[in-house]
Each structure stands twice: as structure tokens, then as C-alpha cells.
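Residue-level structural notes
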Amino acid sequence: MSERGIAGKRLIIRSYSEKAPNYTTFVDTHPGFRELREKIKGMLSPSSGARVLDLGAGTCHHGLSFSTHGCEVLCLDISKEMLKTAQQKAADVHVIVGDIEKLPIKDKSVDVAICVNALRYVDAKVFIEETKRVLKPGGEMLLVDGDKDRVRAARLNKTIKKHELERMFLEKGLARVYSCEELKDLLESHGCLVEATEHFRIYFLLKASV
Ligand SMILES: C[S@@+](CC[C@H](N)C(=O)[O-])C[C@H]1O[C@@H](n2cnc3c(N)ncnc32)[C@H](O)[C@@H]1O
């Protein structure tokens, strides 16, 4: 990885680690995020005992919503501090400090992978290759992030830029906004089957299987 790439990841880790103590209260109580959690749960139905991997999990509020389904939940994040909160919320959750672009996870060992608002920090092609590698045959992935087309149409660049961290990452070229269509094409060119797409506010929700 280039020096710039390493420095960028360090900045992401530092920024989210500083944010960690207040992050969980924000996402757990924000009505929009509560609704998004319900939408995500509605698009997936892992069977009891399934292994669910939350990528760029932060404090893992999305991944943990599947623990009530009897799933084994693995939360992976590049920031150890964000994961500390996940561990405090649920002692039995497996937390893994790691990079989405180089997953420290065995091939074909995961049933469902979700990634909510973290795809923007990584190369989507590398993300798909790594996620495909760890998913079992027939496994599913659900990708959620701001949709470039909606962000533009609603002039929500303004909204993103209102958030100090997002603004900084965008300005430094450490985050990007993908469109749902771009990702759909990329998933299909990697042999994934796109099963469903939904939209919620500025976000796309894209479900694919391998
Ligand atoms: C906007 S937060 C989203 C957290 C959580 N998914 C949610 O929806 O609340 C982005 C998260 O991605 C993590 N992240 C950024 N780059 C990453 C990478 N390369 N590998 C793993 N995690 C990463 C950050 O540390 C942060 O916790």
C-alpha cells in the first residue's frame, strides 16, 4: 500500500476512535438509523446459527440486531475503540480488528456479510473480491451507502458536508460516493447475483448472493 494509503487509513482510525465514545448513543437513538436497521433486517433472513459478518461495523448496531435471530455475529472494524463499545453492548459478540480490504477471515466461512456506510472508505472492487472469498457458496451480502445519484439529485452533498468527519474524508479523497448502478454492475461483473435493491432516503440497499 502507498504511503498516502497508509496515512489515510491511520487518519480514519484516529478519527473514528475519537468519535467512538459518543457514536453508539447517536446511532442507537437516531430515528433515521433505527428505520434503516429495520429495513436491513427486513431484507435478510439468516437462519438460526448462521454466521453474520458486519464489515466496518463500528459499534455493531446493525450486526447485533441479528443476534436475536440466533445468529453468530462477527463485527469487524479497523478501529479498536469502536469495537470496544460493541463488546460492551454484547459480551458474546466476536470482534475482529481488521481491514475490509484484507479480511483476516477464512475462505467460505460466512453466511451473510453486511456493510453499512463503510464501503465509501474502501476500493469497491477489492471489497467485492474479499467479501466473495469469505462467503460460503450461496452466501449473501447486503451493501448500504449513500447513493451518488440521490446525493446529487437531492443536493445532499450539502447534508454530507454538514458532517465534519465526512467532509474531511471527502476533501482528502479518503471517501467516495458510489451509485447503486455502479455497484450493481461491479457485482455482476464479479459473478454475483443481484437479488434486490431498495432505497431509503439518500441510501441504497443492495443485496447480492455469490
Ligand atoms: C460511518 S461508520 C459506520 C459504522 C456502522 N457500520 C454503522 O452503520 O453505524 C464507518 C466505519 O467504518 C470503519 N472503517 C473505515 N475504513 C475501514 C476499513 N478499511 N476496514 C474496516 N473498517 C473500516 C470505521 O472505523 C467506522 O467504524
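Before reading on, note that the structure itself is shown above.
Just so you know, the residues in each chain are numbered from 1, in the order the chain's sequence is written. Note on the predicted model: pLDDT of at least 70 is required for a residue's local features to be given, and 80 or more for side-chain atom pairs to be given and counted; whole-chain, interface and lining totals, by contrast, use all residues.

1. A word on the overall build of the protein chain
Helix numbering and strand numbering both begin at the N terminus, where a helix is a DSSP run of H or I of at least 4 residues and a strand a DSSP run of E of at least 2. For the protein chain, the helix and strand inventory stands at nine helices and seven strands. For 210 residues, the compact-globule formula gives about 17 Å, and the C-alpha radius of gyration of the protein chain, at 16 Å, lands near that figure. With respect to the three principal axes, the spread of C-alpha positions in the protein chain is 40 × 40 × 40 Å. Radius of gyration means the value over C-alpha atoms here, while the globule rule gives 2.2 Å times the residue count to the 0.38 power.

2. As for the packing of helix α5 (residues 124–134) against helix α9 (residues 180–189)
Interaxial angle, 0 to 180 degrees, is taken between N-to-C directions of lines fitted to C-alpha atoms, where a helix line uses only the stretch in contact. Closest axis-to-axis distance for the α5/α9 pair is 10 Å, and the angle between their directions is 45°. Judged on the interaxial angle alone, α9 and α5 are oblique. In the crossing of α5 with α9, the sense of the turn from one axis to the other is right-handed. Judged by residue contacts, A124, K125 and I128 of α5 engage L183, L186 and L187 from α9. Partitioning the contact of α5 with α9 into residue classes produces five nonpolar, no polar and one charged. Any angle between 65 and 115 degrees counts as roughly perpendicular, while under 35 counts as roughly parallel, over 145 as roughly antiparallel, and the rest as oblique. Here is the rule for handedness: rotate from the far helix to the near one, and if that takes an anticlockwise turn smaller than a right angle the crossing is left-handed, while a clockwise turn gives right-handed. Working definition of a contact: two residues with C-beta atoms, positioned from the backbone, lying within 7 Å. Only Asp, Glu, Lys and Arg are considered charged, only Ala, Val, Leu, Ile, Met, Phe, Trp, Tyr, Cys and Pro nonpolar, and every remaining residue, Gly among them, polar.

3. Quick look at the nonpolar core
With 61 residues, the main nonpolar core has V52, L55, C75, A113 and I114 as its most contacted residues. Top contributing element to this core by residue count: strand β4 (residues 110–116), with six residues. With residues up to four places along the chain from it excluded, the contact list for A113 reads L53, L55, T131, V134, L135 and M141. By our criterion, buried Ala, Val, Leu, Ile, Met, Phe, Trp, Tyr and Cys residues that link up through C-beta atoms within 7 Å make up a nonpolar core. Comment: burial labels come from other C-beta atoms within 10 Å of the residue's own C-beta, placed from the backbone, where a count of 20 or more is buried, 12 or fewer is exposed, and between is partly exposed.

4. Examining the environment of H61
Mapped onto the elements of the fold, H61 is located in helix α3 (residues 61–64). Exposure remark for H61: the 22 C-beta atoms within 10 Å place this residue in the buried category. Along the sequence, H61 and V27 sit 34 residues apart, while their C-alpha atoms lie 7.7 Å from each other. Not counting the four nearest positions on each side in its chain, H61 is found in contact with V27, D28 and R37.

5. Comments concerning the site of the ligand
Any residue whose backbone-placed C-beta atom lies within 6 Å of a molecule or strand is treated as near that molecule or strand. Around the ligand, the surrounding shell holds 20 residues, and the nearest of these are G56, G58, I78, A118 and Y121. Broken down by secondary-structure element, the contributors of at least two residues to the shell around the ligand are α1 (3–29) and α3. The dominant element in the shell around the ligand, judged by the number of residues it contributes, is α1, at three residues. The class makeup of the residues in the shell around the ligand is 11 nonpolar, six polar and three charged.

6. Some points on the sheet that holds strand β5 (residues 135–146)
Two strands are said to pair when DSSP picks up at least two bridges between them. Within the open sheet, the seven strands sit side by side as β3-β2-β1-β4-β5-β7-β6. Their pairing is mixed. Both outer strands of the open sheet, β3 (94–97) and β6 (193–200), are each paired with one neighbouring strand and no more. Adjacent strand axes in the sheet meet at a mean angle of 15°, parallel and antiparallel pairs treated alike. Bridge analysis of strand β1 (residues 51–55) against strand β2 (residues 72–77) gives five bridges, and the strand direction is parallel. What sits directly across from R51, in β2, is E72. Each of β1, β4 and β5 is contacted by α5, which is oriented at about 145° to β5, the strand it contacts most.

All we've got here are geometric facts, nothing functional implied.
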